[in-house]
Amino acid sequence: MAAKASGGVQSVERVFELLELITDAGGDVTLSELSGSTDLPLPTIHRLLRTLVSLGYIRQLPNRRYALGPRLIRLGEGANKQLGALARPQLKTLVDRLGETANMAVLESDMVIYIAQVPSPHSMRMFTEVGRRAHTHDTGVGKALLAQLDNDTVRGIITRQGMPTPTPKSLGTIEELLADLDVIRGRGYSIDEEEQELGVRCFAMAVPNAPTPTAISVSGPVTRVDQAFADRAVPMLEAAAAVISAEMNSN
């Protein structure tokens with residue numbers, strides 16, 4: 001019985017390894033690409049993929065590539081809701097102290113998805129709906145998340161998703177983005193300088209040691225969200241991110 005239990009645990013580990021490899025590759029891969037990214041024997045990979053396809057957690061595309069399946073969506077949505085609920089008290093504290101909208105977002109399928117928000121009490125504020133997807137290169141949370149990745153991974157994300165420029169201040173080339181990410185890595189937080197929406201500035205910070213790439217932010221009109229605001233907001237973001245990280249990783 002002990003040997004069977006051990007084998008069962010090993011199979012679970014292998015399944016999640018394959019799912020994470022497909023996710024890291026942008027959502028779809030070939031069998032040979034998977035084989036080159038893991039030490040698992042090819043017959044084992046093929047057997048696990050067949051099982052995952054039959055369960056709906058992976059799809060086999062007409063071109064023979066393997067992609068993440070629709071049954072993962074429900075699991076992801078449930079996990080995002082739980083993460084959002086966990087972070088909400090810290091987001092509320094940020095809003096109470098700073099008076100501007102606080103958001104939490106994760107990196108999912110090369111895009112930012114907002115999973116929690118506490119709005120500003122001001123009538124003029126940033127409007128971002130929970131569940132909204134956005135590009136990484138022109139959002140504060142997106143750039144905070146990209147700064148946690150190596151440049152080759154960033155290039156892959158941008159190649160797959162593109163770099164639309166919603167405002168004249170949006171970054172339009174990968175070279176501009178990589179230069180900005182170097183600055184972000186050095187100072188520890190990102191700034192959306194009206195890159196997503198004119199008149200709106202955002203300060204964002206990654207949550208350290210998060211099980212999935214996660215960031216929090218505070219956003220508002222540039223008339224209120226200035227350097228004096230940043231001097232107050234950045235230490236508060238850092239403290240909130242540390243608390244969220246500890247709660248995420250508690251057993």
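Residues numbered from 1 in each chain as written. Predicted model: local features only at pLDDT ≥ 70, side-chain atom pairs only at ≥ 80, totals over all residues. Heavy atoms only, no water.

### So, the nonpolar core
The criterion, for reference: Buried Ala, Val, Leu, Ile, Met, Phe, Trp, Tyr and Cys residues form a nonpolar core when they are joined through side-chain atoms within 4.5 Å. The classification of residues rests on relative accessible area computed with a 1.4 Å probe and restricted to protein chains. Under 20% of the type maximum is buried, over 50% is exposed, and intermediate values are partly exposed. Helix and strand labels come from DSSP, where a helix needs a run of H or I of at least four residues and a strand needs a run of E of at least two; each type is numbered from the N terminus. By definition in these notes, contact holds between two residues if any of their heavy atoms fall within 4.5 Å.
Formed by 29 residues in total, the largest nonpolar core has its most connected members in Leu91, Leu94, Met104, Phe203, Ile216 and Val218. Those elements that provide at least two residues to this core are helix H4 (71-98), strand S4 (101-108), strand S5 (111-118), strand S8 (200-206), strand S9 (214-221) and helix H8 (227-248). Of the residues forming this core, the biggest block, nine residues, is contributed by H8. When near neighbours in sequence (up to four residues on either side) are disregarded, Leu94 contacts Gly99, Ala102, Ile216, Val218, Met236, Leu237 and Ala240.

### Some remarks on the confidence of the model for the protein chain
Threshold: Note on scores: pLDDT gives the predictor's confidence for each residue, bounded by 0 and 100.
Per-residue pLDDT for the protein chain averages 87, and the proportion of residues at 70 or more is 89%. Per-residue pLDDT stays below 50 along residues 1-6; that stretch engages in zero contacts with residues further than four places along the chain or on separate chains.

### Digging into H8
Here is the rule: Each residue after the first adds 1.5 Å to the expected span of a helix. A residue's bend is given by the angle between axes fitted to the 7 residues ending at it and the 7 residues starting at it.
Taking 1.5 Å per residue, 22 residues should reach 32 Å; H8 reaches 31 Å between its end C-alpha atoms and fits that length. Its maximal kink placed at Ala233, H8 deviates by approximately 30 degrees, while the proline Pro235 follows within four residues. Of the residues making up H8, those classed as buried are Phe229, Ala230, Ala233, Val234, Leu237, Ala240, Ala241, Ile244, Ser245 and Met248.

### Considering helix H7 (residues 174-187)
This is how it is decided: Regarding the arc, it is the one traced by the directions from the helix axis to the C-beta atoms.
In this model, H7 (14 residues) spans 20 Å end to end at C-alpha, consistent with the 20 Å of a helix rising 1.5 Å per residue. Turning to H7, its buried residues are Ile174, Leu177, Leu178, Asp180, Leu181 and Ile184. For H7, the arc enclosing every buried residue in end-on projection is 160 degrees, short of the 170-degree limit, so these residues lie on one face. Facing away from the buried side of H7, by more than 90 degrees, are the exposed residues Glu175 and Gly186. Among the structural elements, helix H5 (140-146), helix H6 (151-161) and strand S7 (190-193) are those in contact with the buried residues of H7. Phi turns positive one or two residues past the end of H7, at Gly188, with a value near 95 degrees.

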